[in-house]
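# Architecture at a glance
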Amino acid sequence: FALGAGINYSPDFQAESGTGVYYNANVTIPLGKYLDFGASIGRQTISNNTNFGQVDWVDYKVGVSTVLAGFDMELAYIDTNLSETRCSECGRAVFTISRSF
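Let's shift gears to the overall build of the chain. From N to C terminus, the chain includes 0 helices and 6 strands. Along the chain, from the amino end to the carboxyl end, the secondary structure elements read β-β-β-β-β-β. Rg of the C-alpha trace for the chain: 16 Å, well past the compact-globule value of 13 Å for 101 residues, more than 25% over. For the chain, the C-alpha atoms occupy an extent of roughly 45 × 25 × 25 Å along the three principal directions. Evaluated residue by residue, the chain yields a buried proportion of 17% over its 101 residues.

In total, this model carries 2 salt bridges according to the counting rule given. The partner of Lys61 in a salt bridge is Glu74, with the nearest N and O atoms 3.3 Å apart. Linking Lys61 in strand β4 (residues 56-68) with Glu74 in strand β5 (residues 71-80), this pair joins segments that are 13 residues apart in sequence. Among the residues examined, Lys61 registers a relative accessible area of 28% and is labelled partly exposed.

What follows concerns unusual backbone geometry. Positive phi, normally seen in glycine, also occurs at Ala69, with a value near 55°. The residue Ala69 is located in the loop between β4 and β5 in this model. By relative accessible area, which is 64% here, Ala69 ends up exposed.

By the bridge criterion, 11 bridges tie strand β2 (residues 20-30) to strand β3 (residues 36-46) in an arrangement that is antiparallel. Counterpart to Gly20 in the pairing with β3 is Ile46. Count of turn residues in the β2/β3 antiparallel hairpin: 5 residues, of which Gly32 carries a positive phi of about 100°. Looking at chain direction, β3 and β4 are connected through 10 bridges and run antiparallel. By the bridge assignment, Asp36 is partnered in β4 with Ser65.

Thresholds, definitions, all that
- Residues numbered from 1 in each chain as written.
- Predicted model: local features only at pLDDT ≥ 70, side-chain atom pairs only at ≥ 80, totals over all residues.
- Heavy atoms only, no water.
- Helix = DSSP H or I, 4+ residues; strand = E, 2+ residues; numbered from the N terminus.
- Rg over C-alpha atoms; globule rule 2.2 N^0.38 Å.
- Buried < 20%, exposed > 50% of the residue type's maximum accessible area, 1.4 Å probe, protein only.
- Salt bridge = Lys/Arg side-chain N within 4 Å of Asp/Glu carboxyl O.
- Pairing = 2+ DSSP bridges.

As structure tokens, this is what we get:
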């Protein structure tokens, strides 16, 4: 069982939109010997954001992961509270395979 949290701060966020802060929290829970459940939630705040049309938004991810033959594998659902016009690719299931060298 693992819990995590973080804050990322940018005094000069993209496109001259002012200060940006991203808050996030996550949890990982073992589901037996080979499988983990993970969930995360984050909130982006921007002090002056006319480019996105929305100053704050929330994103989240829920999924399961495992390690097989040295490869990290994860199947997750990722989404945000941004409108579909702002984020047409949001709300997707994503499968990833990675390996550290």
